[in-house]
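Understanding the architecture of this molecule
What follows is the residue order along each chain.
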Amino acid sequence: MQHNGKSIRPFIGAKDFEISRAFYRDLGFEENLHAPDFAVFHSGSLTFYLQGHYVKDWVDNTMVFMEVDNLDQFYADLVALDLPGKYEGVRVVPIRTMDWGRECFVHDPSGILWHFGEFFN
């Protein structure tokens, strides 16, 4: 079966929609607000939906992986943002090397776990 897909846009939840919106803008995503509790965030051609809907079990089990060009630079920029100092519950985990590549982690204000990484070729 051929999909001929153009994009994948995950939906993620937010415990506090306004705090999460600010967090993702600070993280460098561009926002388009579509409704009082629904926004689209972009980074280049990558997109995800943020909704003001929170189900603890769902959010606690949500992970998103974003491949970046230069993980060392991304991590340095990430640390400089001091997101844990600005947002309660946010954690930044340093880069670690795996057998497939390298990644660092960010836990957003709601508990969504973001993996930012680069693959070995």
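Before reading on, note that the structure itself is shown above.
These notes cover the structure that comes with them.

The next point concerns the sheet that holds strand β2 (residues 30–35). Spatially, the four strands line up as an open sheet ordered β1-β4-β3-β2, and their pairing is mixed. Sheet topology places β1 (11–13) and β2 at the edges, where each strand pairs with a single neighbour. Between one strand axis and the next, the sheet turns through 30 degrees on average, direction left out of account. Where helix α1 (residues 17–26) meets the sheet, its contacts fall on β1, β2, β3 (38–43) and β4 (46–51), and the angle it forms with β4 comes to roughly 160 degrees.

A few words on the sheet that holds strand β8 (residues 113–119). Backbone-to-backbone hydrogen bonds join strands into a sheet, with any given pair of strands oriented parallel or antiparallel. Strand order in the open sheet formed by four strands is β5-β8-β7-β6, and the pairing between neighbours is mixed. Every interior strand has two partners, whereas the edge strands, β5 (63–67) and β6 (91–97), have only one. Mean inter-strand twist for the sheet, computed between neighbouring axes without regard to direction, equals 20 degrees. Strand direction decides the pairing type here: strand β7 (residues 101–107) and β8, joined by seven bridges, are antiparallel. Counterpart to C104 in the pairing with β8 is F116. Across the sheet, helix α3 (residues 71–81) touches β6, β7 and β8, and the angle it forms with β7 is around 20 degrees.

Cut-off values and rules
Residues numbered from 1 in each chain as written. Predicted model: local features only at pLDDT ≥ 70, side-chain atom pairs only at ≥ 80, totals over all residues. Heavy atoms only, no water. Pairing = 2+ DSSP bridges. Helix = DSSP H or I, 4+ residues; strand = E, 2+ residues; numbered from the N terminus. Axes fitted to C-alpha atoms, helices over the stretch in contact; angles between N-to-C directions. Contact = heavy atoms within 4.5 Å.

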